Amino acid sequence: MKLPLLSVFTHDVGIDLGTANTLVYVRGHGIIINEPSVVAVDQRTRAILAIGEEAKRMVGRTPSHIVAVRPLTEGVVSNFEVTEQMLRYFLDKLHRGAFKPLHRPRVVIGIPYGVTEVERRAAEEAAQNAGAREVYLIEEPMAAAIGAGLEVQEAKGVMIVDIGGGTTEVAVISLGGIVASRSLRVAGDKLNQDIITYARERFNLLLGERTAEELKTSIGTATAGLPVEAVGRSVVPNYDVLSMPMRGRDLVTGLPKEIIVTSEHLSEAMQKSINVIVEQVKATVEETPPELIADIMDSGIVLAGGGALLRGLDQRIAEVTQMPVRIAEDPLTTVVRGTGLVLEDLDRLREVLLPRTLGRAEFS
Ligand code: ADP
Ligand code: MG
């Protein structure tokens, strides 16, 4: 590989520590790591057996003493030790391969909006213990807005809705700060659970979590099958109704069973949670000052995170808020690309970072 030596020595790393996926951006190289935020732990010895992709493959397939932990399920550093190990693993991974010279990097980490100072400190410490030289924290909605190409520092309102695995974060940003926001624990994981519950109640079928997620991402929609008045004005869902086999265990016979389900079934299964998300976006719009609303009418509400890919969700939000809505380009990488843009332009964007909790001299 022919890389100018100096750029290989770049020390700056942006991390999206998502509840579902962890992504790492290395300045000058782009996104180098994109793996599930999953850690497999042996409960008897407390040893960590696998991290990332490998650990996710073990979910639901392990002996009972091995558990797959998602240390960030709630979007915060809930399981400090495991988070630290996970971070260390991902940073170590950069040291291997083409990134050997990367030594004690400067790190920008996206963390959920509204976490407490204690949780912020935990994230900083985890990164520092994992080998980071300097740690900067940025609120995920801010990073998402930057990653989506929105101008966050102008005296103009922009609005971002980041629908991840564990949390949905809604934020209106102006002049480098968050003006109005909502953070809810209804996001991709909840939609998977909804599908599991629906399969059990409607078809007596026990589904695995991964099966539910596959159904959602393959044929799930936010609109199909909804009565028109539930969606709003003049909506005729313009999506094809797709179908797919749903495989699980029959709760009556205990044997495998397969049922063909359609996107209508899935939209029915997920309807309540989708309504919660849509209503919270609407509530945020309602508490946003009118001048900023006028600005957002121009730039549109921007959707990011994996949940943005749910078919018809953009349309639902547009109907309910009466605002233009667009999906960020490559929504699963919006946050990490935002942390990357901050690294590229740290001097200009410093004011959008969170204040540090660890007062260390070298941090001047
Ligand atoms: P986090 O930031 O919390 O790690 P992500 O932004 O990585 O979350 O999004 C992960 C979520 O997006 C998961 O719940 C996943 O099921 C969901 N997701 C991914 N692709 C799709 C899709 N095509 N349709 C609906 N949901 C999706
Ligand atoms: Mg995220």
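Only a predicted model underlies this, so the values are computations on that prediction, with no experimental measurement involved. Starting from 1, residues in each chain are numbered consecutively following that chain's sequence as written. Labels follow written order: the first chain is A, the first ligand is 1, and so on. Residue-level local features of this predicted model are given only where pLDDT is at least 70; pairs of side-chain atoms are given and counted only at 80 or more, and the full residue set underlies all totals for whole chains, interfaces and linings. Just so you know, side-chain values use all the structure's heavy atoms and leave hydrogens and water out.

## Observations concerning the pattern of salt bridges
Phase 1: Just to be clear on terms, a salt bridge is a Lys or Arg side-chain nitrogen sitting within 4 Å of an Asp or Glu carboxyl oxygen. Overall, the coordinates contain 14 salt bridges when judged by the stated rule.
Phase 2: For the salt bridge of E213 with K56, the shortest nitrogen-to-oxygen distance reads 3.5 Å. In this pair, E213 sits in helix α7 (residues 209-219) while K56 sits in helix α2 (residues 53-58), placing the two residues 157 residues apart along the sequence.
Phase 3: A salt bridge links R182 to E287; the shortest N-O distance between them is 3.1 Å. Of this pair, R182 sits in strand β11 (residues 177-184) while E287 sits in the loop between α9 (263-286) and α10 (290-299), and the two are 105 residues apart along the sequence.
Phase 4: Relative accessible area decides the class of each residue, using a 1.4 Å probe on protein chains only: under 20% of the type maximum gives buried, over 50% gives exposed, and in between gives partly exposed. Take E287: its relative accessible area is 43%, and that puts it in the partly exposed class.
Phase 5: A single salt-bridge network, built from bridges that share partners, covers D12, R27, R106 and E344. Runs of H or I in DSSP of at least four residues are treated as helices and runs of E of at least two as strands, each being numbered from the N terminus.

## Considerations on the confidence of the model for the chain
Phase 1: On average, the chain scores 86 in pLDDT, and the residues at 70 or more come to 86%.
Phase 2: Per-residue confidence from the prediction method is given by pLDDT, with values spanning 0 to 100. Residue contacts follow a heavy-atom distance rule, with two residues in contact if any of their heavy atoms lie within 4.5 Å. Of the regions scoring below 50 in pLDDT, residues 1-10 engages in ten contacts with residues more than four places distant in sequence or in other chains.
Phase 3: The low-confidence segment residues 226-236, where pLDDT is below 50, has 13 contacts with residues more than four positions distant or belonging to other chains.

## Comments concerning the environment of G338
Phase 1: Structurally, the position occupied by G338 is in helix α12 (residues 334-344).
Phase 2: By relative accessible area, G338 is classed as buried at 0%.
Phase 3: Sequence separation of G338 and A145 is 193 residues, and the distance between their C-alpha atoms is 7.2 Å.
Phase 4: In this structure, G338 is in contact with A143, I146 and G147, ignoring residues within four places of it in sequence.

## Examining the sheet that holds strand β12 (residues 205-206)
Phase 1: DSSP calls a pair of strands paired once it identifies at least 2 bridges connecting them. Read from one edge to the other, the open sheet built from three strands follows the order β12-β13-β14, with strand pairing classed as antiparallel. A strand with exactly one partner marks an edge of an open sheet, and here the two such strands are β12 and β14 (256-262).
Phase 2: Where strand β13 (residues 243-250) and β14 come together, seven bridges link them in antiparallel fashion. Directly across from R249, in β14, lies its bridge partner P256.

## Some words on α7
Phase 1: Taken together, the buried positions of α7 are occupied by A212, L215, K216 and I219. Angular distribution of buried residues about the axis of α7 spans 110°; they occupy a single face of the element. An arc is given here, and it is the one of the directions from the helix axis to the C-beta atoms.

## Let's talk about the sheet that holds β11
Phase 1: Pairing is mixed in the open sheet, where five strands are placed in the order β11-β10-β9-β15-β16. Of all strands in the sheet, those bounded by a partner on one side alone are β11 and β16 (325-327). When strand polarity is set aside, the average angle formed by the axes of neighbouring strands in this sheet is 20°.
Phase 2: The sheet contact formed by strand β10 (residues 168-174) and β11 spans seven bridges and is antiparallel. Among the inter-strand pairings, S174 is bridged to a residue of β11, identified as G177.
Phase 3: Packed on one face of the sheet, helix α5 (residues 140-147) meets β9 (158-163), β10, β11 and β15 (301-304) and runs near 70° to β10. Orientation is described by axes fitted as lines to C-alpha atoms, over the contacting stretch for helices, and by angles from 0 to 180 degrees between their N-to-C directions.

## Some details on the site of ligand 1
Phase 1: Among the 17 residues in the neighbourhood of ligand 1, the closest are listed as T19, A20, N21, E213 and K216.
Phase 2: Here an oxygen atom of ligand 1 and a side-chain polar atom of N21 are 2.7 Å apart.
Phase 3: For this analysis, a polar contact is any N or O atom pair within 3.5 Å, provided that within protein one partner can donate a hydrogen and the other can accept it, and provided that sequence-adjacent residues contribute only side-chain to side-chain pairs. Between an oxygen atom of ligand 1 and a main-chain N or O atom of G306, the distance comes to 3.0 Å.
Phase 4: Protein burial of ligand 1: of its 590 Å² of free accessible surface, 89% is covered by the chains. Only a single heavy atom is needed: when it lies within 4 Å of a molecule or strand, its residue is near that molecule or strand. A 1.4 Å probe and the Shrake-Rupley method give the accessible areas. Residues count as covered only by the protein chains that appear here.

## Looking at the side chain of T288
Phase 1: Here T288 lies in the loop between α9 and α10.
Phase 2: Within the local environment of T288, its side chain forms a polar contact with the backbone oxygen of T284, the two atoms lying 2.7 Å apart.

## Details of the nonpolar core
Phase 1: Grouping buried Ala, Val, Leu, Ile, Met, Phe, Trp, Tyr and Cys residues that are joined through side-chain atoms within 4.5 Å yields what is termed a nonpolar core. Counting 44 residues, the largest nonpolar core has L207 and I301 as its most contacted members.
Phase 2: For this core, the leading source of residues is α9, giving eight residues.
Phase 3: Here L207 is in contact with I195, I196, A199, A212, L215, M246, R247 and G248, once residues within four sequence places are set aside.

## A closer look at the packing of aromatic side chains
The geometry of an aromatic ring pair comes down to the distance between the two centres and the angle between the two planes.
Phase 1: Only Phe, Tyr and Trp rings take part, Trp by its six-membered ring, and two of them pair if their centres are within 6.5 Å. Stacked means planes under 30 degrees apart, edge-to-face means over 60, and tilted covers everything else. For the coordinates displayed, the defined rule picks out two aromatic pairs.
Phase 2: Ring geometry for Y198 versus F203: centroids 6.1 Å apart, planes at 80°, classification edge-to-face. Assigned by exposure class, Y198 and F203 land together as buried.

## Brief notes about the side chain of R316
Phase 1: Its place among the elements puts R316 in helix α11 (residues 313-321).
Phase 2: E279 provides the closest opposite charge to the buried, salt-bridge-free R316, at an N-O distance of 6.2 Å.
Phase 3: A distance of 2.7 Å separates polar atoms of two side chains, one belonging to R316 and the other to N275. Counted as positive: Lys and Arg. Counted as negative: Asp and Glu, with His and the chain ends omitted from the count.

## Things to note about the pairing of strand β1 (residues 12-17)
Phase 1: Of all six residues in β1, six are buried; the element is thus mostly enclosed.
Phase 2: The alternating pattern of β1 places D12, G14 and D16 and V13, I15 and L17 on opposite faces, both of which are buried.
Phase 3: Here β1 pairs with strand β2 (residues 21-26) via five bridges, running antiparallel. Across the sheet, the residue bridging to G14 is Y25, located in β2.
Phase 4: Between β1 and β2, which pair antiparallel and follow one another directly, the connecting turn spans three residues.

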